[in-house]
Amino acid sequence: MSVTLNRDMFLETEPEIDVSQFRKVKLDLQYAQESPNQILDIWYPDEGEGPYPVVILFHGGGFGTGHKRSFYISSMAQPVTQGYAVATVEYRLYNEAIWPAQLIDSKAAVRYLRAHAEELNLNPEKFAVWGNSAGGCATQLLALTADNPEMDDLSVGEQASSKVQAAIAWYSVNEFISCEQFTADTAEARESSGAFKGMVPKDARGSESALVKVLGFNPLIYPEKAVKASPLSYVDKNCPPMLLQHGKNDLIVDSKQSVYMYEKVTQICGEGRAQLDLFEGEPHGSQKIKAFDNVNRCLDFLDEIFWNGNNPYRKPLEPLKIVGQD
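Note that this is a predicted model, so its numbers are computed, not measured.

Engineer: It is not clear to me how the sheet that holds strand β7 (residues 242–247) should be interpreted in this structure. Could you clarify?
Structural biologist: Backbone-to-backbone hydrogen bonds pair the strands of a sheet. The strands run either parallel or antiparallel. Pairing in this open sheet of eight strands is mixed, and the strands run β1-β2-β4-β3-β5-β6-β7-β8 from one edge to the other. With one partner strand each, in any of the chains shown, β1 (24–30) and β8 (274–279) form the two edges of the open sheet. On average, each strand axis in the sheet is inclined to that of its neighbour by 15°, with strand direction left out of account. Here strand β5 (residues 122–132) pairs with strand β6 (residues 166–170) via five bridges, running parallel. Considered in β6, the bridge of Trp-130 is made with Ile-168. Sitting on the sheet, helix α2 (residues 101–115) is in contact with β1, β2 (39–44), β3 (52–58), β4 (85–89) and β5, with an inclination near 155° to β5. With respect to the sheet, helix α11 (residues 292–306) is in contact with β3, β5, β6, β7 and β8, its orientation differing from that of β6 by roughly 165°.

Written out as structure tokens, the structure is:
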């Protein structure tokens with residue numbers, strides 16, 4: 001079967017970050033062999049000699065759109081200007097393979113980076129994951145199911161640990177049943193606002209929901225299967241530090257999704273393991289969440305874990321260059 005590259009499908013609607021602005025890059029590294037979309041980039045910081053802590057990025061798009069250099073992840077890629085390496089991951093979308101292919105690809109990418117950490121000049125003990133929307137769902141599952149063979153396919157890609165030491169999730173799903181109910185309940189408001197163009201383009205009607213398309217089943221009809229796929233089901237005491245951020249006027253993914261995760265991690269792991277920031281009046285894909293003030297808050301979270309709060313490479317943020325934009 002001929003497979004179209006995600007970048008080729010979505011580059012016109014999602015211009016790409018200009019990789020020529022980085023001192024050193026490794027592009028389109030193949031982390032598994034099932035698809036040409038199982039590739040990742042590594043962008044290195046200008047400062048330091050390494051081995052570098054690495055922030056692994058997973059783009060959003062409802063598991064149906066997007067690519068690994070999309071301008072939509074510019075804010076999440078800012079760690080590359082602050083002493084971190086950034087690895088940005090392409091994964092199979094649901095037009096190519098349904099769930100759990102997206103989780104398997106995410107884990108295979110982490111395992112590849114750890115297996116090749118020495119040659120890639122990365123610190124294998126300092127891995128963070130950061131995703132928005134659907135990518136945030138992947139980051140939560142990566143944080144919560146590390147080295148769980150029931151939530152992976154070890155025949156795909158390299159043999160190594162998929163553990164991560166920190167996770168950031170922006171406005172993401174973690175419990176599929178209530179998420180699907182929410183998209184049905186808010187259909188009229190979403191369509192009148194234009195939000196129907198987002199992650200769940202046809203709400204929960206029949207087979208048109210993005211969740212139905214990626215999972216291969218309707219979570220409302222098969223709740224047992226939905227529970228097994230949901231990140232919320234896998235919280236245990238091994239959960240790494242997690243930062244959850246969500247707009248309270250999100251008509252694509254209810255902000256209660258992040259509240260549920262925060263409450264469960266706190267219940268099981270105690271205060272402080274998870275942090276939750278809710279943004280009053282902010283929608284899905286909030287520009288306030290992507291703004292530098294909040295990106296600095298996210299960098300503070302990472303610096304506390306990887307630099308004991310004293311990152312020698314922190315400096316004022318500047319916009320990343322986008323191809324074709326001044």
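Continuing now.
Engineer: How should the environment of Lys-237 be read in this particular structure?
Structural biologist: Residue placement: Lys-237 occurs in the loop between α8 (223–229) and β7. With 28 residues separating them along the chain, Lys-237 and Val-265 place their C-alpha atoms 8.2 Å apart. Discounting chain neighbours no more than four positions away, the residues touching Lys-237 are Ile-268, Cys-269 and Arg-273. Within polar-contact distance, the side chain of Lys-237 engages the backbone oxygen of Ile-268 at 3.0 Å.

Engineer: Where do I start with the pattern of salt bridges in this structure?
Structural biologist: Oppositely charged side chains may form a pair once their charged atoms are brought near each other. Summed over the entire model, instances satisfying the criterion amount to 13 salt bridges. We note a salt bridge from Asp-300 to Arg-314, for which the minimum N-O separation is 3.0 Å. A residue pair is termed long-range when its members are at least 10 positions apart, and Asp-300 in helix α11 and Arg-314 in the segment after α11 qualify at 14 residues. Measuring nitrogen to oxygen at the nearest pair gives 2.5 Å for the salt bridge that ties Arg-314 to Asp-303. Highlighted residues: Arg-314 in the segment after α11 and Asp-303 in helix α11, separated in sequence by eleven residues.

Engineer: Sorry if this is basic, but what is going on with the environment of Cys-239 here?
Structural biologist: Position of Cys-239 relative to the elements: it lies in the loop between α8 and β7. Residue Cys-239 is classed as buried on the basis of its relative accessible area, which comes to 2%. Each C-alpha atom of the pair Cys-239 and Ala-274 lies 8.9 Å from the other, and the pair is 35 residues apart in sequence. Not counting residues within four places of it along the chain, the set of residues in contact with Cys-239 comprises Leu-144, Val-265, Cys-269 and Arg-273.

Engineer: How do you make sense of helix α4 (residues 134–144) when you look at a structure like this?
Structural biologist: Residues separated by three or four positions in an α-helix point in the same direction, a consequence of the helix having 3.6 residues per turn. Across the eleven residues that make up α4, a large majority, eleven, are buried. Buried within α4 are the following residues: Ala-134, Gly-135, Gly-136, Cys-137, Ala-138, Thr-139, Gln-140, Leu-141, Leu-142, Ala-143 and Leu-144.

Engineer: Could you clarify how one ought to interpret the state of the cysteines in this entry?
Structural biologist: By definition, a disulfide links the sulfur atoms of two cysteine residues through a covalent bond. Using the criterion set out here, one finds zero disulfides in the structure. Cys-239 provides the cysteine sulfur closest to Cys-269, a residue in no disulfide bond, and the two sulfurs are 5.0 Å apart. The class of Cys-269 is buried, set by a relative accessible area of 17%.

Engineer: What exactly am I supposed to notice about the nonpolar core here?
Structural biologist: Across soluble globular proteins, you tend to see nonpolar side chains buried next to one another. Tyr-31, Leu-40, Ile-42, Ile-56, Leu-113 and Leu-122 are the most contacted members of the largest nonpolar core, which has 63 residues in total. For this core, the element with the highest residue contribution is α2, accounting for seven residues. Phe-22, Ile-73, Tyr-171 and Val-295 belong to the second largest nonpolar core, which has 30 residues in total.

Engineer: I tried to follow a nonpolar patch on the surface on my own but got confused; where do I start?
Structural biologist: Judged by side-chain polarity, Leu-220, Ile-221 and Tyr-222 come together as a nonpolar surface patch covering roughly 300 Å² of accessible area. Take Leu-220: its relative accessible area is 37%, and that puts it in the partly exposed class.

Engineer: I tried to follow the pairing of β5 on my own but got confused; where do I start?
Structural biologist: It is a general feature of regular strands that their side chains alternate between the two faces of the sheet. Most of β5 is tucked away, with eight of its eleven residues classed as buried. Crossover β5 to β6 through α4 is right-handed.

Engineer: It is not clear to me how the packing of aromatic side chains should be interpreted in this structure. Could you clarify?
Structural biologist: The description of an aromatic ring pair uses the distance of the two centres, along with the angle that the planes make with each other. Applying the stated criterion to the full structure yields twelve aromatic pairs. Three or more aromatic residues joined by ring pairs make a cluster, and in this case those are Phe-63, Tyr-91, Trp-99 and Phe-176. The ring of Phe-127 has Arg-114 lying over it, and the distance from NZ or CZ to the ring centre is 4.2 Å.

Cut-offs used in this document
- Residues numbered from 1 in each chain as written.
- Predicted model: local features only at pLDDT ≥ 70, side-chain atom pairs only at ≥ 80, totals over all residues.
- Heavy atoms only, no water.
- Pairing = 2+ DSSP bridges.
- Helix = DSSP H or I, 4+ residues; strand = E, 2+ residues; numbered from the N terminus.
- Axes fitted to C-alpha atoms, helices over the stretch in contact; angles between N-to-C directions.
- Contact = heavy atoms within 4.5 Å.
- Polar contact = N/O pair within 3.5 Å; in protein donor to acceptor, adjacent residues only side chain to side chain.
- Salt bridge = Lys/Arg side-chain N within 4 Å of Asp/Glu carboxyl O.
- Buried < 20%, exposed > 50% of the residue type's maximum accessible area, 1.4 Å probe, protein only.
- Disulfide = S-S within 2.5 Å.
- Core = buried A, V, L, I, M, F, W, Y, C linked by side-chain atoms within 4.5 Å.
- Patch = residues over 30% accessible without salt bridge, like charges linked within 9 Å, V, L, I, M, F, W, Y side chains within 5 Å.
- Areas by Shrake-Rupley, 256 points an atom, 1.4 Å probe, with all protein chains shown as cover.
- Right-handed = clockwise from strand over helix to strand, strands pointing away.
- Phe/Tyr/Trp six-rings, centres within 6.5 Å; stacked < 30°, edge-to-face > 60°.
- Lys NZ or Arg CZ within 6 Å of the ring centre and 35° of its normal.

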